[in-house]
Amino acid sequence: MVSTASILGKRKRVSKKNKKAWRKYTDIGEVEKFLEEKLREERTGGNPTEKSNKDLFYIDKTDIFETTKSKLSNLKCHSDLQIDTRVAPVGGYSGPSKRKKKKRKTSLSCDPPPAKPVSAKTGKYDLWGATPTPKRQQDPCLQPPVKPPQQYKKSDSKLPAVEAPHPGASYNPSFKQHQELLQTALEVEERREKAKIKATKDAAPPIRITEAQYLQEMSIGLNKEEESENEEKKGGEEEEESFVPKPVVVQRKTRVQRNREKAEKQKAAELAAAKTEKQLNKQLNRVKAIKRELTVEERKMAAITAERKEKKEVNSLRPGKYGPGKLMEEQPEFQLPEEVSSSLRKLAVPTNSIQDRFLSMQKRNLIEVRKKVNPHRKYKLKEVEKWRKKLPEEILELTKTKPKKKQNKKKMIKVTE
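Residues numbered from 1 in each chain as written. Predicted model: local features only at pLDDT ≥ 70, side-chain atom pairs only at ≥ 80, totals over all residues. Heavy atoms only, no water.

A. A look at the packing of aromatic side chains. This model, assessed by the stated rule, comprises zero aromatic pairs. Taking the ring centre of Trp-22 as reference, the NZ or CZ of Lys-16 above it sits at 5.0 Å. (Phe/Tyr/Trp six-rings, centres within 6.5 Å; stacked < 30°, edge-to-face > 60°. Lys NZ or Arg CZ within 6 Å of the ring centre and 35° of its normal.)

B. Seen up close, the pattern of salt bridges. Per the stated rule, a full pass over the model turns up six salt bridges. Two residues, Glu-261 and Lys-253, come together in a salt bridge whose shortest N-O distance is 2.8 Å. Two residues, Glu-293 and Arg-286, come together in a salt bridge whose shortest N-O distance is 3.0 Å. For Glu-293, a relative accessible area of 42% translates into the label partly exposed. The network of salt bridges with shared partners includes Glu-163, Glu-330 and Lys-363. (Salt bridge = Lys/Arg side-chain N within 4 Å of Asp/Glu carboxyl O. Buried < 20%, exposed > 50% of the residue type's maximum accessible area, 1.4 Å probe, protein only.)

C. The arrangement of the environment of Tyr-25 in detail. Looking at the element boundaries, Tyr-25 is found in helix α2 (residues 19-25). For the pair Tyr-25 and Lys-12, spaced 13 residues apart in the sequence, the C-alpha separation amounts to 8.9 Å. (Helix = DSSP H or I, 4+ residues; strand = E, 2+ residues; numbered from the N terminus.)

D. Looking closely at a nonpolar patch on the surface. A grouping of Ile-207, Ile-209, Tyr-214, Leu-215 and Met-218 is seen on the molecular surface, where their side chains present a nonpolar patch of about 610 Å² in accessible area. Position of Ile-209 relative to the elements: it lies in the loop between α7 (175-202) and α8 (211-218). (Patch = residues over 30% accessible without salt bridge, like charges linked within 9 Å, V, L, I, M, F, W, Y side chains within 5 Å. Areas by Shrake-Rupley, 256 points an atom, 1.4 Å probe, with all protein chains shown as cover.)

E. Here's a closer look at the confidence of the model for the protein chain. Residues of the protein chain with pLDDT of at least 70 account for 71%, and the chain-wide mean is 77. Mean pLDDT values for the elements of the protein chain range from 49 in helix α6 (residues 98-108) up to 92 in helix α10 (residues 255-285). Considering only residues more than four positions removed or in separate chains, one finds that residues 102-110, a stretch of pLDDT under 50, has zero contacts. The low-confidence segment residues 409-417 (pLDDT under 50) makes zero contacts with residues lying over four places distant or belonging to another chain. (pLDDT = per-residue confidence, 0-100. Contact = heavy atoms within 4.5 Å.)

F. Structural context of a negative patch on the surface. Residues Glu-187, Glu-189, Glu-190 and Glu-193 make up a contiguous surface patch of negative charge. Among the structural elements, Glu-193 can be located in helix α7. Since its relative accessible area comes to 39%, Glu-193 is described here as partly exposed. (Lys, Arg positive; Asp, Glu negative; His and termini not counted. Charge placed at Lys NZ, Arg CZ, Asp CG, Glu CD.)

Following this line, the structure appears as C-alpha cells:
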C-alpha cells in the first residue's frame, strides 16, 4: 500500500481525527513486509539462522549398494511381470461349484460352529480337551436376562453342607463316645425345660379381686347427687384458698455489693486454678502407678477382644435371623444302650433325609426359618338345623302363609249429564 505522502515526497500536515483519515495518510508498508516474512518463516519451518545444525542436517547411514527384495520388486523393469487389473481374465464356463452350496447350507444354521478346545497354559489346540459350549446369540427383540448378584450364590455361614454326625451315633460306638452323646442330649433337654419355666415365671400373675373391690367398682355412678354436692364443696374451698400474689419489686444493687460479688468470683477462680495445679503435680508424682493402671486396662481390653473373636467364631456357625421365626436348638440323634446295634444291617435311621436337608439349608442361611402351618379353616363353619330335626310346631309356623296385601281397586264413577 503506497500512501500519498510517499508519492509527493513531502510531509503534509493533515488532520487524523477519524479512522478514514488514519487509513489514508499513514504508511504501513514496512509493517506488512515484516509480517509477510514472519508468515513465510512459519510455513517453511522457522528462521534457519536461529536453528541448530542438528535440526537443519542429518547423516544418511544407509548403504547405497544394498538391495532388498522390496526394492527389486518396486523396480520399473519388473512392472511388466505384474498382473494388470484392468484386463479381464480369460476363462471358459464352469458349472455351479459345490463349495457355494455348502456355504449356503452352513449360512442357514443359527448356531455358530463349535470352537476347538484350547489349553490355558500353552494356548494351542488340545486334542483331549473338552469342547467348550458355544455361546448362543441373544434375540434382540427379547429383554436381556437378569444376572443375580454373587451374594445369592454364596452363604455367609461357615457350616458345611453335610455335617458329620457324632461318633457316638454309629452302629458300634465305644462306651465313652456313647455317654458323651447322651450327655449332650440331656443338656439340650435341660435348657429347653429352663426356658419353659422362665417363660411361665415372666408372665403376669392372675388378677385377684376381693368382694369389697368388686362392690365398689359395681356401685360407681349410682349416687350421683352426693358426688355432685361433694364436688361443689371442693370447688368453693379452692376459691377461698386462692389469693392474689403481691407484685415483686426488683431492688438495684449498690456498688459495694457488686464489688463484693466480683471479688468472690475472682477468689473462686483462683481456688479452682490452684486445685487443678495441685492435681497435676500429684499426677506427675504417681507416673509409675498410672503406667500400671494402663497395663491393667490393656490386658482387660485384650481379654475382651479375645472373647469377641470367640463369640464371632461361634456365631458364624449359628444360623442368622432373616425372618420372624427362630430356629430351635436341634436335639442330637441318639439311641439308648438297649437300642444300640452291633451290625450295620440292624441300624435304625430315625431321621428323614428331606427334613435333614431342609434344616441344613436353614442353618446355612439359605432359607429363612419358617413355622409349620397346621391345617386350619379361614372361616368358621355355619351351623344350620336340618328340617327333619325341627319340632312339628316350628314347622307349622314356617309353613303358615303370609297375609296378602289388599289391592286398592279404583272405583268407577258414572258421570251423569
